Amino acid sequence: MAINLQKGQKIDLRKSSGEALTNFCVGVNWGAIETTKPGLFGIGSKKVIEDVDLDLSCIMLDQNGELVDWIYSPEYNAWLSQNKFPLGKLTSNDGGLRHSGDDRQGDVGGDDGLDNEIITVDLNRVSNNVDKIFFFLNIYLNQGQNFDFSQIPFAKIRMYEGTPTRVNSVFSNYDIVTDSSYRGKGALILGKLYRRNGEWKFDAIGDPTDDKLFIQTIQKITQNYK
Ligand SMILES: [Ca+2]
Ligand SMILES: [Ca+2]
């Protein structure tokens, strides 16, 4: 049975068999905003699809809270380079975490049952100096767009065993849009994997923030969540 996570809930990464969960996917599933508008002269109606670009990222901190590695989209590298920030990449240096790539639209025509951005985790490969891995989500607004989490038809996070295109067994679910505290917010600190007494655990932080850029979310995490 999958665990339905509540904000702030801390869980052990143990399957019902008692075995440690070490290989899994952290996936976010969401929909594009679809509305029906009346046609010209009020004749008929037409469907308008507004793309929703969410970006799932993570950063790795050591025991002292220092940033040691990161995964975020390389799509922003030109801007990152201009502003002297580290460039985006989709794989951690130790190879323990891999991102499936940027989805800029969300599901059209309802939930397709698969996650749109996924970070595949192999905890056995994570470098010994990584003590915490924070996952976070940012809304990227294209020019002329203005919406927040409450307007996205659905947005859910889950941890599951499988691959980006195959879900074998869901370990935990976390429904974002039903939480009213996410109204008007553009970013969300989802949760962290952390080491405790030689085992990995997960804390579903679930804190929304006003950040417009993922760089701001990274700064917030490294300043306030060590
Ligand atoms: Ca995206
Ligand atoms: Ca989907």
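The sections below set out a description of the structure shown in this document. Computed from a predicted model, the values in this text were never measured in an experiment.

**Considerations on the pairing of strand S10 (residues 132-140)**
Moving residue by residue along a regular strand, the side chains alternate between the two faces of the sheet.
Step number 1: With respect to burial, S10 is a largely interior element, seven of its nine residues being buried.
Step number 2: Across nine bridges, strand S6 (residues 53-61) lies against S10 in antiparallel orientation. If you follow Ser57 over to S10, its bridge partner there is Phe136.
Step number 3: As defined by bridge partners, S10 adjoins strand S13 (residues 187-196) across seven bridges and the pair is classed as antiparallel. Counted as the bridge partner of Ile133 is Leu193 from S13.

**A short note on unusual backbone geometry**
Step number 1: One non-glycine residue, Lys84, lies in positive phi territory at about 60°.
Step number 2: Mapped onto the fold, Lys84 is located in the loop between helix H1 (77-82) and strand S8 (97-99).

**Section: the sheet that holds strand S3 (residues 23-30)**
Step number 1: The six strands are arranged S1-S12-S11-S3-S9-S8 in an open sheet whose pairing can be described as mixed. At either end of the open sheet lies a strand with only one pairing partner, and these are strand S1 (3-4) and S8.
Step number 2: As paired strands, S8 and strand S9 (residues 117-122) are joined by three bridges and run antiparallel to one another. Looking at the pairing, Leu97 lines up with Val121 of S9.

**Here we look at the environment of Arg195**
Step number 1: Inspection of the secondary structure puts Arg195 in strand S13.
Step number 2: Each C-alpha atom, one on Arg195 and one on Leu97, is 16 Å from the other, the two residues being 98 residues apart in sequence.
Step number 3: Apart from the residues within four sequence positions on either side, Arg195 is in contact with Asp131 and Trp200.

**Concerning the environment of Glu66**
Step number 1: In this structure, Glu66 sits in the loop between S6 and strand S7 (67-71).
Step number 2: Residue Glu66 is classed as exposed on the basis of its C-beta count, with 12 C-beta atoms lying within 10 Å.
Step number 3: In the structure, Glu66 is positioned 78 residues away from Gly144 in sequence and 37 Å away in space, judged by C-alpha atoms.

**Focus: helix H2 (residues 214-224)**
Step number 1: All buried positions along H2 are accounted for by Phe214, Thr217, Ile218 and Ile221. On an axial view of H2, the arc spanned by its buried residues comes to 100°, and they lie on one face. In this structure, H2 carries Gln219, Gln223 and Asn224 as exposed residues pointing more than 90 degrees from its buried face.
Step number 2: As for H2, its buried residues are in contact with S6, S10, S13 and strand S15 (207-209).

Definitions and cut-offs
- Residues numbered from 1 in each chain as written.
- Chains lettered and ligands numbered in written order.
- Predicted model: local features only at pLDDT ≥ 70, side-chain atom pairs only at ≥ 80, totals over all residues.
- Buried ≥ 20, exposed ≤ 12 C-beta atoms within 10 Å, placed from the backbone.
- Helix = DSSP H or I, 4+ residues; strand = E, 2+ residues; numbered from the N terminus.
- Pairing = 2+ DSSP bridges.
- Contact = placed C-beta atoms within 7 Å.
- Arc of directions from axis to C-beta.

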